[in-house]
Structure formats: structure tokens, C-alpha cells
Amino acid sequence: MNRNIAFLELKYGNIYGGYPNFYAISEIALLVFEEGSNKIFLETFINNADVDIVNVFSRTNELGHTTGRVKEVFNMKTGRRRDYDEEFKLDEDQLAEEFQRLRPSKMPIRNFLQRNLKKYRFRDLVVFDGRRDIFLCERSGGRFDRYNIIDLQKDLNKETDYLFSLNKLAKVIEFELDHSYLRSNNLEYWLHPIAARQITPRSAAYDAARLMMVHNEVAYHHSDFLIKAQLLLNKLKTDHPSEE
């Protein structure tokens, strides 16, 4: 019997003008990889609440090194993006309205998690710096007590004594999405076109695909991965000595 392993990635942001430590889920991606057959199953949830959240993303160079962070305002219903204003604040009544608009999305998130965690048989659930991801899912009704949660970033940090970002690891493995194929240094997997269409840059599905490819390079080509990771670190020492 083929063994399944799952990968969980979220996108989330705080309500624009609201509390900085309250996060709303905007996307969920659960990618399931069937070892043996190399089949890939992808389930995604997109929140369409009419709420503005703050997205934060990294600008990176050719080595995956972060050169800056960008904040933008994103409306989950319309997809409209606009500039972020540090001074913008909602009053209590306005914030209460935003929470009211957000509240109906809690049940669809819970249903998505419960349905898909039940649909696929797996024991290992891989995340990347995923403590907040798990917390936000649990707050929405997801249950993870049956699963062995593996934080790949923490595991690699223990082994390499370096806190890799997913952007840097994608460079280490030479991650590539080519139409209906995921490729890396030593691996190539075919994607069903429906799944391939969901994997777009800066999406939760894209990060889940990168996470799976990094995990499998580490699992199946461990020595080669460590060599490639050290080569990248050597370049970073030369180009960005403050990194060390």
C-alpha cells in the first residue's frame, strides 16, 4: 500500500487598521503526496470575505536572500490590492463591522479542514515554521491530535545550524514549476492540470508545492541536498557577510 504524506500551508494577514496580532486566514492549501505512485493531490480554500487584510511578502535576490519586505492591503473578496498606510486605524465600531464580515468564513474553513483531513489517509503532516498555521486552523475547528506534525524548517535548522527560509531552500533545490510539472535538482512530478492551475506564485498552493519538493529532496537525496545547501551558504557568506 502506498504511503501518503501531507503538506500544509496558509496565507493570512491582520485586518487592515485593526489589531496587529489578530490574523484572518485568506488561503489554505493541503497537498498530499502518495509515495510509490508519486501522485499529487491538492485541496485549496480561498476566503472570499469582504475584508481588507495586510499581506506581507519578501523581496528576494537570485540567492533567495531577503532584500526587503513589502506590505500591501488586499481585499479577500475582490482581490483588489492597494498601498499600505502605516497610520490607518479603524475605530471600534468599524472594527466590529469587519469582524462581522469575517465571522461567516469560520464554518467554511472548519468544513474544509475536517473534510480533507478525513478524506486523505496520512500520518505525517509537514509544515514550515508552522506553529501559527496550526494554531489558526485549530482556532477555526481543525483537529490535528491524530497527526505527527513535522516542522521542516526546525528540523533543517538542527541539522545545518542555519535558519533557512523557504525562498532560499527553493534556490537550493532549483525549484521549478513548468506547466504541469514540478521539478527540482533530482526530482520531477506530473501535476493534474486542475492542480497545476491552482499553483501560482505567492499563493498557499505554491508554497505547499515548494515545501513538498524541498522535503522530498531532503528525504530521497539527502547528501546531495546538504552539498547544495552548503554551496548556497558559501555564496551568501561572500555576497552577504552580515547573514552570518
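Everything discussed here concerns the structure shown above.
Worth saying up front: this structure is predicted, and the values here are computed from it rather than measured.

About the thresholds
- Residues numbered from 1 in each chain as written.
- Predicted model: local features only at pLDDT ≥ 70, side-chain atom pairs only at ≥ 80, totals over all residues.
- Heavy atoms only, no water.
- Helix = DSSP H or I, 4+ residues; strand = E, 2+ residues; numbered from the N terminus.
- Rg over C-alpha atoms; globule rule 2.2 N^0.38 Å.
- Contact = heavy atoms within 4.5 Å.
- Areas by Shrake-Rupley, 256 points an atom, 1.4 Å probe, with all protein chains shown as cover.
- Buried < 20%, exposed > 50% of the residue type's maximum accessible area, 1.4 Å probe, protein only.
- Arc of directions from axis to C-beta.
- Polar contact = N/O pair within 3.5 Å; in protein donor to acceptor, adjacent residues only side chain to side chain.
- Salt bridge = Lys/Arg side-chain N within 4 Å of Asp/Glu carboxyl O.
- Patch = residues over 30% accessible without salt bridge, like charges linked within 9 Å, V, L, I, M, F, W, Y side chains within 5 Å.
- Lys, Arg positive; Asp, Glu negative; His and termini not counted.
- Charge placed at Lys NZ, Arg CZ, Asp CG, Glu CD.
- Pairing = 2+ DSSP bridges.

**Q** Quick question: what am I supposed to make of the overall build of the chain here?
**A** For the chain, the count of helices and strands is 8 helices and 11 strands. For 244 residues, the compact-globule estimate of 2.2 N^0.38 gives 18 Å, and the chain sits close to it at 19 Å. With the C-alpha coordinates of the chain rotated into their principal frame, the extents come out at 55 × 50 × 35 Å. Across the chain, contacts joining residues at least 24 apart in sequence account for 66% of those joining residues at least 6 apart. Total accessible area on the chain is roughly 13400 Å²; 46% of this is exposed by carbon and sulfur atoms.

**Q** It is not clear to me how helix H4 (residues 152–160) should be interpreted in this structure. Could you clarify?
**A** Given 3.6 residues per helical turn, the α-helix brings residues three or four places apart onto the same face. Here H4 has its buried residues at Leu152, Gln153 and Leu156. For H4, the arc enclosing every buried residue in end-on projection is 95 degrees, short of the 170-degree limit, so these residues lie on one face. Looking at the buried residues of H4, the elements they touch are strand S7 (124–127), strand S8 (148–151), helix H5 (166–172), helix H7 (204–220) and helix H8 (222–239). One side-chain oxygen of the residue at the start of H4 lies 3.2 Å from the amide nitrogen of glutamine 153, identifying that residue as aspartate 151.

**Q** Teacher, can you tell me more about the side chain of glutamate 34 here?
**A** Considering the arrangement of structural elements, one finds glutamate 34 in strand S2 (residues 23–34). A distance of 2.3 Å separates a polar atom in the side chain of glutamate 34 from a polar atom in the side chain of serine 37. Excluding its chain neighbours within four sequence positions, the residues that come into contact with glutamate 34 are Asn2, Arg3, Asn4, Lys39 and Phe41.

**Q** What is the right way to read the pattern of salt bridges from this model?
**A** Oppositely charged side chains may form a pair once their charged atoms are brought near each other. One pass over the structure, following the stated rule, counts 14 salt bridges. One salt bridge in this structure joins glutamate 72 and arginine 202, with 3.1 Å as the shortest N-O distance. A residue pair is termed long-range when its members are at least 10 positions apart, and glutamate 72 in strand S5 (residues 66–75) and arginine 202 in the loop between helix H6 (193–198) and H7 qualify at 130 residues. For aspartate 145, the salt bridge goes to arginine 143, with nearest N and O atoms at 3.1 Å. Counted as one network, the salt bridges with shared partners bring together Arg3, Glu35 and Asp124.

**Q** Whenever I open this one, a positive patch on the surface confuses me. Can you help?
**A** On the surface, a cluster of positive charge is contributed by Arg131, Arg132, Lys154 and Lys158. Mapped by element, the contributors of at least two residues to the positive patch are helix H3 (131–139) and H4. Residue placement: arginine 132 occurs in helix H3.

**Q** When you look at the pairing of S5 in this model, what are you seeing that I'm missing?
**A** Regular strands place side chains that alternate from one sheet face to the opposite one. Inspection of the sheet shows strand S4 (residues 52–60) paired to S5 by 9 bridges, in the antiparallel sense. Directly across from serine 58, in S5, lies its bridge partner arginine 69. Hairpin geometry of S4 and S5 is characterised by an intervening segment of 5 residues between the two adjacent antiparallel strands and by a positive phi of about 80 degrees at glycine 64. The pairing of S5 with strand S6 (residues 81–83) spans 3 bridges and is antiparallel. Paired with valine 73 across the bridge in S6 is arginine 82.

**Q** Just to check I follow, could you spell out unusual backbone geometry for this structure?
**A** Note: most residues except glycine have negative phi, and most peptide bonds are trans. Phi is positive for aspartate 129, which is not a glycine, with a value near 50 degrees. Structurally, aspartate 129 is set in the loop between S7 and H3.

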